[in-house]
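Chain residues, written in single-letter form:
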Amino acid sequence: MEAATDLQDTAILTQKFTFNPKLGIDNPTLSLADDHDHFDSWGPQRPRFCVLSKQEGGKFGFYLHKELNRNGHIVRRVEPGTSAQCQGLQDGDQILGVNGDTVEHEDYHGVVQRIRASGPRVLLTVLAGNVEEVARAHQASGAHLCPVLDASVRPRLCHVVKDEGGFGFSFSHGKRGCFWLMPSCGGAAERAGVPQGARLLEVNGIGVEGFSPSQLSRKLRQSGEQVTLLVAGPEVEEQCRQLGLPLAAPLAEGWALPARPRQLHLEKGPQGFGFLLREEKGPSGQLGQFLWEVDPGLPADQAGMRAGDRLVAVAGESVEGLGHEEAVTRIRAQGCHLSLIVVDPDADSFFSMVRLSPLLFLEEAGLQADGPASPQKLPSSSQAEEQASWTTNLASSPAVPTSLVPPALPSFRQCLLRPGANGGYGFRLSCGADKPEITISQVTPGGSASQAGLHMGDVILEVNGISVRRENVLEVVRQLPDAKPPLHLRLATQGRRSIEACSSLEPGLDSSL
């Protein structure tokens, strides 16, 4: 009987949508293709929208390129079979917006960071590169090409907890996958922020576009005592229709969510910060950085850190997808003042279920970092050193530089490296099949490379007298770990020090996303 009662709360009360003059909705199942909007006059020059999902390995499947001395963020090397290709992203597209926010005039590293911080899904607004000038001719001087929703008009992510009246809503439907919710007055759904007549988009992170009414009812019953709904009110649906925007989850704002990320501010004490950072698998099955052994009374404990919290960002910059060494380097680079964004296990499971980044729902605004993008995991010169640091005690960390940007160095220099006690040199490389350079992407503090003067961003020009050229770059990378010590390296200091962005065949910067 209880199951039947639960079903009644969400059952179909009307098989057909009826006009409600109060809501101003009239047959929303009609095709929208014939409607005219202000972008129609652009023809093929109008922006496109691509909703990308990360594939196995944590990538969307494209590179973001920035040409020096030119505005714009350009899509390059869309990888076959990836989400980027499947969603229509094309080589040469200009990225105008990320998750509904315009980035046309934003710093390159800020755009990379926005995309990385978006988590499993991201909404990109793009324009074909060969029509940008034509498109700008349609716009007033200084106007943005990127269509933007009003700040107060967003889809909602609503967490509904059953009360004595169940979930407190019924639904009507049109064609398959089109559902509209009718919350009961004062019921659980209304209290959770579900608007009257809202379009239902997702249930617990699963899209309903292919659901039949009976499948939706079953999904709601299976949710148990609580359910998370992605919905769009009539005003949101109408404005998205006018702009051509998809009703995408990364646009959503959180309403009555069961958990949110927390920001912690730590000041290093005489005994250090007082916590352990460990790499392990999270609820999604992906490796992450987790905080353990929080020492009572030390700065981490006083700031509100809890054992089992997962690290999401350092100094406002996402660490999603970083290896353990990279995360430790980020933390130590902050010196004595540490700002972390974390989620507890319940919040981690929740955001994993809805397939959205916790950073999209951070209550404190203004945390978007302008710093360099995080390093890509690339071939390591020391597998042993990498494994030895999967757990790092930050109770009393060694003295390290407080900035990721080292002092000015000569343009070219020689370095002699000898392996450390464990046989490794203590650095990692960045390169690619179509990149003519080998770049130092990470240097282990206190390791052989660090002592020899290597820095992140350095470009290797020669290895043991062998010049690195376009034709042999991959061969040099393969032979480097087996080269007979000591290593004689000739280096060039890269003008723009970024942990990940490195020179490409085109003048500018590339980041893998």
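The structure under discussion appears in the preceding block.
Note that the structure is predicted; figures quoted are calculated from it, not measured.

Focus: the overall build of the protein chain
Counting secondary structure elements, the protein chain contains 13 helices and 28 strands. The burial tally for the protein chain puts 53% of its 513 residues in the buried class. Contacts spanning at least 24 positions in sequence make up 71% of the contacts within the protein chain whose residues lie at least 6 apart. Only carbon and sulfur atoms are counted for the fraction: they give 51% of the accessible area of the protein chain, which is about 22,900 Å².

Quick look at helix H3 (residues 108-117)
Across the 10 residues that make up H3, a large majority, 10, are buried. Of the positions making up H3, those classed as buried are Tyr-108, His-109, Gly-110, Val-111, Val-112, Gln-113, Arg-114, Ile-115, Arg-116 and Ala-117. Positive backbone phi, at 80°, marks Gly-119, one or two positions downstream of H3.

Some points on the pattern of salt bridges
As enumerated under the stated definition, the model contains 16 salt bridges in all. A salt bridge links Glu-238 to Arg-241, with the nearest nitrogen and oxygen atoms 2.7 Å apart. Here the residue Glu-238 and the residue Arg-241 both occupy positions in helix H7 (residues 234-243), the gap between them amounting to three residues, near one helical turn. By relative accessible area, which is 33% here, Glu-238 ends up partly exposed. The class of Arg-241 is partly exposed, set by a relative accessible area of 24%. Each of Asp-101, Glu-106, Arg-114 and Arg-154 takes part in a single network of salt bridges with overlapping partners.

So, the environment of Gly-316
Within the secondary structure, Gly-316 sits in the loop between strand S18 (310-314) and strand S19 (317-318). Measuring from C-alpha to C-alpha, the distance between Gly-316 and Ser-339 comes to 7.4 Å, with 23 residues separating the pair along the chain.

Here's the deal with helix H10 (residues 345-354)
Residues Ala-347, Asp-348, Phe-350, Phe-351 and Val-354 constitute the buried set of H10. The arc enclosing the buried residues of H10, seen along the axis, measures out at 165°, which places them on a common side. Capping the start of H10, Asp-344 holds a side-chain oxygen 3.2 Å from the backbone nitrogen of Asp-346, two or three residues further along. Among the residues trailing H10, Arg-355 stands out with phi positive, at a value near 60°.

Some details on unusual backbone geometry
For the bond running from Pro-485 to Pro-486, omega is -5°, close enough to zero to count as cis. A positive phi angle, close to 55°, is found at Asn-204, a residue other than glycine. In this fold, Asn-204 is placed in the loop between strand S11 (198-203) and strand S12 (206-207). The class for Asn-204 is buried, based on a relative accessible area of 13%.

With respect to the pairing of strand S3 (residues 63-67)
Across the five residues of S3, five count as buried, placing the element largely inside the fold. The side-chain alternation of S3 yields two buried faces, one formed by Tyr-63, His-65 and Glu-67 and the other by Leu-64 and Lys-66. Where S3 lies against strand S4 (residues 74-76), three bridges are found, and the strand directions are antiparallel. For Tyr-63, the partnering residue across the bridge sits in S4 and is Arg-76.

A closer look at the nonpolar core
Formed by 31 residues in total, the largest nonpolar core has its most connected members in Leu-157 and Leu-245. The set of elements that each furnish at least two residues to this core consists of strand S13 (226-232), H7, S18, strand S20 (337-343) and H10. For this core, the leading source of residues is H10, giving four residues. Setting aside residues no more than four positions away along its own chain, Leu-157 makes contact with Thr-228, Leu-229, Leu-230, Ala-252, Glu-253, Gly-254, Trp-255, Leu-257, Phe-350, Val-354, Leu-356 and Phe-361.

Calculation criteria
Counting starts from 1 at the beginning of each chain's written sequence and moves along it residue by residue. Note on the predicted model: pLDDT of at least 70 is required for a residue's local features to be given, and 80 or more for side-chain atom pairs to be given and counted; whole-chain, interface and lining totals, by contrast, use all residues. Where side-chain values are given, they derive from all heavy atoms of the structure, hydrogens and water being excluded. Working definition: helices are DSSP H or I runs of at least four residues, strands are E runs of at least two. Numbering for both runs from the N terminus. In this scheme, a residue with accessible area under 20% of its type's maximum is buried, one over 50% is exposed, and one in between is partly exposed, where area comes from a 1.4 Å probe on protein chains only. Contacts are assigned to residue pairs with any non-hydrogen atoms lying within 4.5 Å of each other. Computed by Shrake-Rupley with a 1.4 Å probe, the accessible areas treat only the displayed protein chains as cover when residues are assessed. Should a side-chain nitrogen of Lys or Arg be within 4 Å of a carboxyl oxygen of Asp or Glu, the pair is scored as a salt bridge. Relevant arc is that of directions from the helix axis to the C-beta atoms, nothing else. Each polar contact in these results corresponds to two N or O atoms within 3.5 Å; when the atoms are within protein, one needs to be able to donate a hydrogen and the other to accept it, and residues that are neighboring in sequence are counted only if both atoms are side-chain atoms. Two strands pair under a simple rule: DSSP has to find at least two bridges between them. Take the buried residues of types Ala, Val, Leu, Ile, Met, Phe, Trp, Tyr and Cys, join any two whose side-chain atoms come within 4.5 Å, and each joined set is a nonpolar core.

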